[in-house]
Amino acid sequence: MANPVRARISALGAFAPPRLLTNADLEKMVETSDQWIFERTGIRQRHIAEKGVAASHLAVEAANRALKERGISGSELEAIFVATVTPDMMFPATACLVQDRLGAKGAWGYDISAACSGFIYALQTGAKFVESGAHKKIMVIGSDIMSSIIDYTDRATCVIFGDGAGAVVFEPATDGDGFIDFHHEVDGSGGCSLRMPGGGSLNPATHETVDKKMHFVHQDGQSVFKYAVRKMVEASETLLARNGFTAKDVNLFVPHQANKRIISSSAERMGLRDDQVIVNIDEYGNTTAGTIPLALDSARSQGRLKKGDLLLLAAVGAGFTVGATLLRWAY
Ligand SMILES: CC(C)(COP(=O)(O)OP(=O)(O)OC[C@H]1O[C@@H](n2cnc3c(N)ncnc32)[C@H](O)[C@@H]1OP(=O)(O)O)[C@@H](O)C(=O)NCCC(=O)NCCS
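Overview of the structure. (Residues numbered from 1 in each chain as written. Predicted model: local features only at pLDDT ≥ 70, side-chain atom pairs only at ≥ 80, totals over all residues. Heavy atoms only, no water.)

Moving on, we get to the overall build of the protein. For the protein, the helix and strand inventory stands at 11 helices and 13 strands. Seen along its three principal axes, the alpha-carbon backbone of the protein occupies a region of about 55 × 45 × 35 Å. By the burial criterion, 55% of the 331 residues in the protein qualify as buried. A fraction of 77% describes how many contacts in the protein between residues 6 or more apart in sequence connect residues 24 or more apart. In the structure as shown, the protein presents an accessible area of about 14100 Å², 53% of it carried by carbon and sulfur atoms. (Helix = DSSP H or I, 4+ residues; strand = E, 2+ residues; numbered from the N terminus. Buried < 20%, exposed > 50% of the residue type's maximum accessible area, 1.4 Å probe, protein only. Contact = heavy atoms within 4.5 Å. Areas by Shrake-Rupley, 256 points an atom, 1.4 Å probe, with all protein chains shown as cover.)

Here is the structure:
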């Protein structure tokens, strides 16, 4: 029998560090141009954390905004899940650092590593703990300091990524609005197309791994691009069809912000109009686990997020990881 409890997002907070890295700044650092970057990616600027600012700091800023909006304190949270590929350190989990700083004495939690699909995967983790009846107040956060793993002499990657975070509070739904369904896939055969090879148990940090730049993002941009467009569309269409919807029913498509051309091609293939799609990559670049909550925040500040709206969230990331989520915005 279907579980009658539905989970809903009851508050949203987002945060990006104030310092900007513009295309003009990058022109001074590598051989590139504002025109190339904007035409090929849609990015004009990224937010970059100061030295000493880590994923947990952005996460706490975003989480505090969400708590304030909901009018609750950290002590009311029962669990905290943090999606990140740039944790403060290998362990303890960033979720533990965040738990302490939020004063969330009664909460447990852990980190989720699924790169650009991380926030969507963490959303499902949060939703399932609410739907199962195990918890009534959960915090789900996506936070990444991509600038900490980017080689700022590599023009193919340094123009794309930025830093940012977003957080949502989950609670049981009070009416029919909230989470509807999800479709996730992993294709581990794509692991070599986008990765940071150094620093784990296979290649622990040595002088050699540093010299070989193994602690930076390495990617095969074109294969990631093609896979992202194909799978973003496939996952979204599978999910819509399974729930009896078509693209026309979607009020807002909230895609992972990796490249404006990936977003536009996916939206076009799905038959979505521009006014059904949120794009803020120009302002933030690709913040990995931060993009979807930052995009929700942008949609809200543009007055494009209303109670009852049908939202389709979709992401593709390193792994490869693929995710799509369907929900009705619930407040
Ligand atoms: C990385 C990406 C922007 C590159 O764009 P592209 O159109 O595929 O460009 P290519 O890699 O084919 O490179 C085309 C040329 O531009 C050059 N180029 C790459 N980066 C450049 C830059 N920042 N400025 C100027 N030229 C650049 C390349 O060296 C290449 O030159 P060549 O033809 O002389 O060899 C694009 O492939 C992409 O966005 N891929 C997906 C990446 C992604 O989303 N990652 C995160 C996944 S969640």
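This next bit is on unusual backbone geometry. Put simply, Phe-91 and Pro-92 share a cis peptide bond, and its omega is 5 degrees. Secondary-structure assignment places Pro-92 in the loop between strand 4 (79-83) and helix 4 (94-101). For the peptide bond that leads from Gly-319 to Phe-320, omega is -5 degrees, which places it in the cis range. In this structure, Phe-320 sits in the loop between strand 12 (310-317) and strand 13 (321-328). Notably, Ala-115 is not glycine yet its phi reads approximately 50 degrees, a positive angle. Within the chain, Lys-213 stands out as a residue other than glycine whose phi angle is a positive 55 degrees. Position of Lys-213 relative to the elements: it lies in the loop between helix 7 (207-211) and strand 10 (218-219).

What follows is about helix 5 (residues 118-131). Helix length check: helix 5, at 14 residues, gives a terminal C-alpha distance of 20 Å against a target of 20 Å (1.5 Å per residue), a fit within 8%. Within helix 5 the residues assigned to the buried category are Gly-118, Phe-119, Ile-120, Tyr-121, Ala-122, Leu-123, Gln-124, Thr-125, Gly-126, Ala-127, Val-130 and Glu-131. Immediately beyond the C-terminal end of helix 5, within one or two residues, lies Gly-133, with a positive phi of roughly 90 degrees. (Expected span 1.5 Å × (residues − 1).)

By themselves these figures say nothing about function.
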